[in-house]
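Take a look at the letters that make up each chain.
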Amino acid sequence: MLDGKFYDTLSRLQLRMSHKSSLNMTGSRKSVQKGISAEFSDFREYMPGDDLRRMDWNVYARLDKLYIREYMEEKEAIVSVLIDTSSSMNYGVKNKAELATDLAAVVSYLALNNMDRLVLYDMKDMSRAFSVGGGRNAFAKVLGWLEKLTFSGETDMLLAARKIRLRGPGVTVIISDFLHQDMLEEAGKGHKEDLAGTGIGKKVSKYEKMLEYLNYCKQRPVILHTLAEEELHITLEGTLNLIDAETEDKLRLTMDARAVDCYEKELAHFIERMKRGCTSDRGAYVLCDTGRDRNQLVFQDLRVIYDI
């Protein structure tokens, strides 16, 4: 579904960062270090050994002091993409797994096209990360890796996030339906977290802990909340036996107007809580509907993750 014309349009965009890069590899991100790119940063006094070509003679003429012009050095940033490959993602007439793969391809192309270092993770097996750089010529390797993903079993999302190989500031993109019990819990019903070793604790959900951890690691969290059209717009009727795709737990439920209304209210609350938690950590949240046209989803809904 994502053709050459689609990627040509995508090549005009760049992922938004919340921190400047501190890595040593050459790229297109503005670094905390000073270098020789075209973008001016500041002046400083001349020191023996400085490149005389960077001397600002106009300043010398006015102040009778030697000053060097400094520029922002361009470095590569790390873009980490975590893909939830649990069984719940393999659902929907327009499959969530297919959308997740497309979204991962979009983010990967943006990273490589802007000379960032890309690291892809299957959340069921975080030890086998796929790291690639070198520009968009490496994108074919990414597509090959994505095609081999299998969606089955369960994932521990907080544990997976803590296994990311972080080497400095960057963007961490998590693609998931977040339909995991520990992610669904309210903050007041979550796990007790000690505050700075004081012995005083507060209740936080695993979702909040995951975002706090990424923020601590100077990552801009980008949450791509991937849900099937059938999960967002309930059309089921009658008494049904529902089976959990991951645990195989069963629930007998009558889908009447009251049940549907209750579900829709809880879903809206869940989405709002996820959005609020992400934006409070300087991140971005996007609800990704499998029924949404891909072009509208990528070029309209995902605008919050781009530098435009």
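These lines cover the structure that appears in this document, whether it is placed above or below. (Residues numbered from 1 in each chain as written. Predicted model: local features only at pLDDT ≥ 70, side-chain atom pairs only at ≥ 80, totals over all residues. Heavy atoms only, no water.)

Some remarks on the pattern of salt bridges
A complete count under the given rule lists eight salt bridges for this structure. Residue E231 pairs with K96 through a salt bridge whose shortest N-O separation is 2.8 Å. Placement of E231 in helix α8 (residues 229-232) and of K96 in helix α3 (residues 96-113) is noted, with a sequence separation of 135 residues between them. Both residues of the pair, E231 and K96, belong to the buried class. Within this structure, K96, D177 and E231 form a network of salt bridges that share partners. (Salt bridge = Lys/Arg side-chain N within 4 Å of Asp/Glu carboxyl O. Helix = DSSP H or I, 4+ residues; strand = E, 2+ residues; numbered from the N terminus. Buried < 20%, exposed > 50% of the residue type's maximum accessible area, 1.4 Å probe, protein only.)

A short note on a nonpolar patch on the surface
A contiguous nonpolar surface patch, about 310 Å² in accessible area, is contributed by L236, L242, L251 and L253. With respect to the helices and strands, L251 occurs in strand β11 (residues 250-255). (Patch = residues over 30% accessible without salt bridge, like charges linked within 9 Å, V, L, I, M, F, W, Y side chains within 5 Å. Areas by Shrake-Rupley, 256 points an atom, 1.4 Å probe, with all protein chains shown as cover.)

Describing the packing of aromatic side chains
Enumeration according to the criterion identifies seven aromatic pairs in this entry. Aromatic side chains F6 and F299 sit 5.2 Å apart centroid to centroid with 50 degrees between the ring planes, which places their arrangement in the tilted category. Linking F6 in helix α1 (residues 4-10) with F299 in helix α10 (residues 294-299), this pair joins segments that are 293 residues apart in sequence. Assigned by exposure class, F6 and F299 land together as buried. (Phe/Tyr/Trp six-rings, centres within 6.5 Å; stacked < 30°, edge-to-face > 60°.)

Some points on the layout of surface pockets
As a volume, the largest pocket reaches approximately 1,500 Å³. The wall of the largest pocket is formed by 39 residues, among which L179, L184, L242, D244 and Y263 lie closest to the centre. Of all the elements in the fold, those that place two or more residues in the lining of the largest pocket are α6 (181-184), α8, β10 (238-243), β11 and α9 (257-280). For the lining of the largest pocket, the leading source of residues is α9, giving eight residues. Taken as a whole, the second largest pocket spans an internal volume of roughly 200 Å³. As for the second largest pocket, its lining consists of D122, D125, R128, W145, K148, L149 and T150. The class makeup of the residues in the lining of the second largest pocket is two nonpolar, one polar and four charged. (1 Å grid on protein atoms, 1.4 Å probe; cavity = no way out; pocket = protein on both sides within 12 Å on 5 of 7 lines; lining within 4 Å. Points joined across faces, edges and corners; volume = space filled by probe spheres on them. Nonpolar A, V, L, I, M, F, W, Y, C, P; charged D, E, K, R; others polar.)

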